[in-house]
Structures are given as structure tokens and as C-alpha cells.
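For reference, the chains in residue letters:
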Amino acid sequence: MTTLTTDIDSAPVDEERPLSALDRCDSCGSQAYIRATMGSGELLFCAHHGNKHKEKLQPLVSSWHDESHKLQP
Ligand SMILES: [Zn+2]
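What comes next concerns the included structure. Everything numeric in this text was worked out from a predicted model, so none of it was measured. (Residues numbered from 1 in each chain as written. Predicted model: local features only at pLDDT ≥ 70, side-chain atom pairs only at ≥ 80, totals over all residues. Heavy atoms only, no water.)

So, on to the nonpolar core. With nine residues, the main nonpolar core is built from C25, I34, A36, M38, F45, C46, L57, V61 and W64. The element that contributes the greatest number of residues to this core is strand 1 (residues 34-38), accounting for three residues. The contacts of C46, once residues within four sequence positions are left out, are C25, C28, S30, Q31, A32, Y33 and I34. (Core = buried A, V, L, I, M, F, W, Y, C linked by side-chain atoms within 4.5 Å. Buried < 20%, exposed > 50% of the residue type's maximum accessible area, 1.4 Å probe, protein only. Helix = DSSP H or I, 4+ residues; strand = E, 2+ residues; numbered from the N terminus. Contact = heavy atoms within 4.5 Å.)

Strand order across the open sheet formed by three strands is 2-1-3, with antiparallel pairing between neighbours. With partners counted over all chains shown, the strands left at the sheet margins are strand 2 (41-45) and strand 3 (63-66), one partner each. Neighbour-to-neighbour, the strand axes of the sheet open up by a mean angle of 15°, direction not taken into account. Pairing analysis gives four bridges linking strand 1 to strand 3, with the strands arranged antiparallel. Opposite I34, over in strand 3, you have D66 as the bridge partner. Docked against the sheet, helix 1 (residues 47-57) engages strand 1, strand 2 and strand 3, running at close to 135° with respect to strand 2. (Pairing = 2+ DSSP bridges. Axes fitted to C-alpha atoms, helices over the stretch in contact; angles between N-to-C directions.)

Next comes the structure, spelled out in C-alpha cells:
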């Protein structure tokens, strides 16, 4: 028997794609750990620049994908 979950917005969209070592910060070129998706496209940031721009960008983005926790030991 299959149990259906009722997750909202559970469709596997590009916003959920994990960041890889090939994704680079748009500000400094370091490996990106944060992706901000908005109507006009997406921006990639390292943890440093993601946190720096987060407050400014938060109202504009449709998705804030943050993998900076991977940096923690
Ligand atoms: Zn950066």
C-alpha cells in the first residue's frame, strides 16, 4: 500500500538541485553554497556573500537554497 504525503510544493524543481563544486559565487568565484532563485534567474553565492546579501535579496527571491551548513564540521 502506498502512502501519499501531502507535502506542498514537493515537485522536484530545479530550485532543489544540490549545489556542486562547479557552482561558483557570482561575487568572488569561490564555491557556491547558496542559490537565490528569482523571476529573472538565479544567483549563486559562497556562504560569505550569501549572508552578506541575504537581507537585501530576501524580499526578491522565490527560493533561498542554503547549503552553507555543509561547511560546518
Ligand atoms: Zn563569494
